[in-house]
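Descriptive structure summary
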Amino acid sequence: MILIDDKLNEKISENIYVALGSFDGMHKGHLLLIDKIINLANKNNGKSMVYTFKNHPLTIINKDKAPKILLDNKRKEEVLGNLGVDILCLKEFDEKLMKLSPEAFIENLVHEFNIKGIVVGFNYRFGYKNKGDLELLKTLSKKFDFELYIKEAYTIENEIVSSTRIRELISLGEIKKANEMLGREYVLRGEVVGGRRLGRTIGFPTANLKPLTNILIPKIGVYYTNVEVEGKIYKGITSVGNNPTVNGKNITIETNILDFNKDIYNNNIKVYFLDRIRDEKKFSSLDELKIQLEKDKKFAKNQSEKIIL
Ligand SMILES: Cc1cc2nc3c(=O)[nH]c(=O)nc-3n(C[C@H](O)[C@H](O)[C@H](O)COP(=O)(O)O)c2cc1C
Ligand SMILES: Nc1ncnc2c1ncn2[C@@H]1O[C@H](COP(=O)(O)OP(=O)(O)OP(=O)(O)O)[C@@H](O)[C@H]1O
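The structure reproduced in this document is the subject of the present report. None of the values given here were measured: they were computed from a predicted structure.

**Some words on the layout of surface pockets**
Summary: where empty space remains is shown by rolling a probe the size of a single water molecule over the atoms. Of the volumes computed, that of the largest pocket is approximately 1,000 Å³. What lines the largest pocket is a set of 39 residues, and nearest its centre among them are Gly21, Ser22, Tyr124, Arg125 and Asn130. When contributions to the lining of the largest pocket are tallied by element, the ones reaching two or more residues are helix 1 (28-43), strand 3 (47-53), helix 2 (58-61), helix 4 (95-98) and helix 7 (163-171). Counting residues per element, the lining of the largest pocket draws most heavily on helix 1, at four residues. Considering only residue class, the lining of the largest pocket consists of 20 nonpolar, 13 polar and six charged. Of all the elements in the fold, those that place two or more residues in the lining of the second largest pocket are strand 10 (207-209), strand 11 (221-229), strand 12 (232-241), strand 13 (252-257) and helix 9 (286-301). Residue composition of the lining of the second largest pocket, grouped by class: 20 nonpolar, 15 polar and nine charged.

Below, the structure written as structure tokens:
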């Protein structure tokens, strides 16, 4: 897949079939659009493209309302590449872009690329103050001579799948439902950093993830996870919380990996969230915590491994 970061040096001359939107999470609704651009590109001997932004538009429009995101750009690139998309265009969303009128946004796009088809969803809006709607896009498709394809809403149990809803579910700890909408397991990835090394004293060493700044963290609590370390998958029990038993202050994401005892400080791992086990509790001693951790471990042992590499 070709990645276009901002200014591209060489002109892409092929016919382009492009999907437009933010695409945070690359959920099942988004995949409808991706399927469509790939099919169109194949059928018409053109290239499929996802045109999106490096930063979430709300980071510029209204910083306080900008959400923690589901998928960083690196991962988005990976997912789209694996799906077979030809080109990913990641534009910096800045004041200038924000102030483009809906017409100008589309006009710029068709001038930059040889756009033959645009694919959007039922609720797509675009341009300054989100003023552009599907009616306007239909008019522009005639003016600029491209085909317009509008995908119907993808729903699960009558609920429209959206990035916003998935973020809400993850924040509520409803990880299974979020995963269903995503079409894959929610994953946090990062470097393993040192903790206070108390866990090992009760037989539960933990791999602590380096604090994540932009990425959405599931609701405080304990989860059944699968952990990818050096290309292998292990079961895990992961605590997201501030460890009240040991008077912790910051939120940490720490995982006891089952049947594993290697030193993995500084390694990059992936923690796939599969199910919520329980709320976080303040125990009166480490011994009591240990009894609970044995139960959490039993829960994990009874689950199947879901992630297959
Ligand atoms: C699966 C799991 C569940 C946990 N549950 C709790 C909990 O309910 N309450 C709590 O205070 N700490 C909980 N902890 C955090 C422990 O207090 C913490 O792992 C321990 O203090 C070790 O910290 P360290 O990694 O800094 O050594 C949990 C840890 C794990 C791995
Ligand atoms: N459930 C869905 N079914 C079909 N198309 C969708 C669905 N969700 C989003 N789309 C389309 O995918 C593109 C990207 O949308 P966008 O990034 O705004 O996703 P979203 O899930 O609606 O996000 P948000 O919750 O932030 O509004 C848009 O063209 C949008 O209309």
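**Concerning the site of ligand 2**
Taken together, 21 residues are adjacent to ligand 2, and Phe23, His27, Asn123, Ser163 and Thr164 come closest. Interatomic distance of 2.9 Å between a backbone N/O atom of glycine 121 and an oxygen atom of ligand 2. Here a nitrogen atom of ligand 2 and a backbone polar atom of valine 161 are 2.8 Å apart. When each cavity is represented as a set of grid points, ligand 2 is found to reside in the largest pocket.

**Some points on the site of ligand 1**
Among the 21 residues in the neighbourhood of ligand 1, the closest are listed as Arg196, Leu198, Thr245, Glu254 and Lys281. Threonine 206 places a side-chain nitrogen or oxygen 2.7 Å from an oxygen atom of ligand 1. Residue arginine 278 places a side-chain N or O atom 2.8 Å away from an oxygen atom belonging to ligand 1. Its atoms largely coinciding with the cavity grid, ligand 1 occupies the second largest pocket. Contributing elements (two or more residues each) for the shell around ligand 1: strand 12 and helix 9. For the shell around ligand 1, the per-class residue count stands at eight nonpolar, seven polar and six charged.

**Observations regarding the pairing of strand 4 (residues 87-91)**
Among the five residues of strand 4, five are classified as buried, and the element is accordingly described as predominantly covered. Here strand 4 shows a buried face lined by Ile87, Cys89 and Lys91 and a second buried face lined by Leu88 and Leu90. Two elements, strand 1 (residues 2-4) and strand 4, share three bridges in a ladder whose sense is parallel. In the sheet register, leucine 3 faces strand 4, and the bridge partner there is leucine 88.

What counts, and where the lines are drawn
Residues numbered from 1 in each chain as written. Chains lettered and ligands numbered in written order. Predicted model: local features only at pLDDT ≥ 70, side-chain atom pairs only at ≥ 80, totals over all residues. Heavy atoms only, no water. 1 Å grid on protein atoms, 1.4 Å probe; cavity = no way out; pocket = protein on both sides within 12 Å on 5 of 7 lines; lining within 4 Å. Points joined across faces, edges and corners; volume = space filled by probe spheres on them. Helix = DSSP H or I, 4+ residues; strand = E, 2+ residues; numbered from the N terminus. Nonpolar A, V, L, I, M, F, W, Y, C, P; charged D, E, K, R; others polar. Near = heavy atom within 4 Å. Polar contact = N/O pair within 3.5 Å; in protein donor to acceptor, adjacent residues only side chain to side chain. Sits in = over half its atoms within 2 Å of the grid points. Buried < 20%, exposed > 50% of the residue type's maximum accessible area, 1.4 Å probe, protein only. Pairing = 2+ DSSP bridges.

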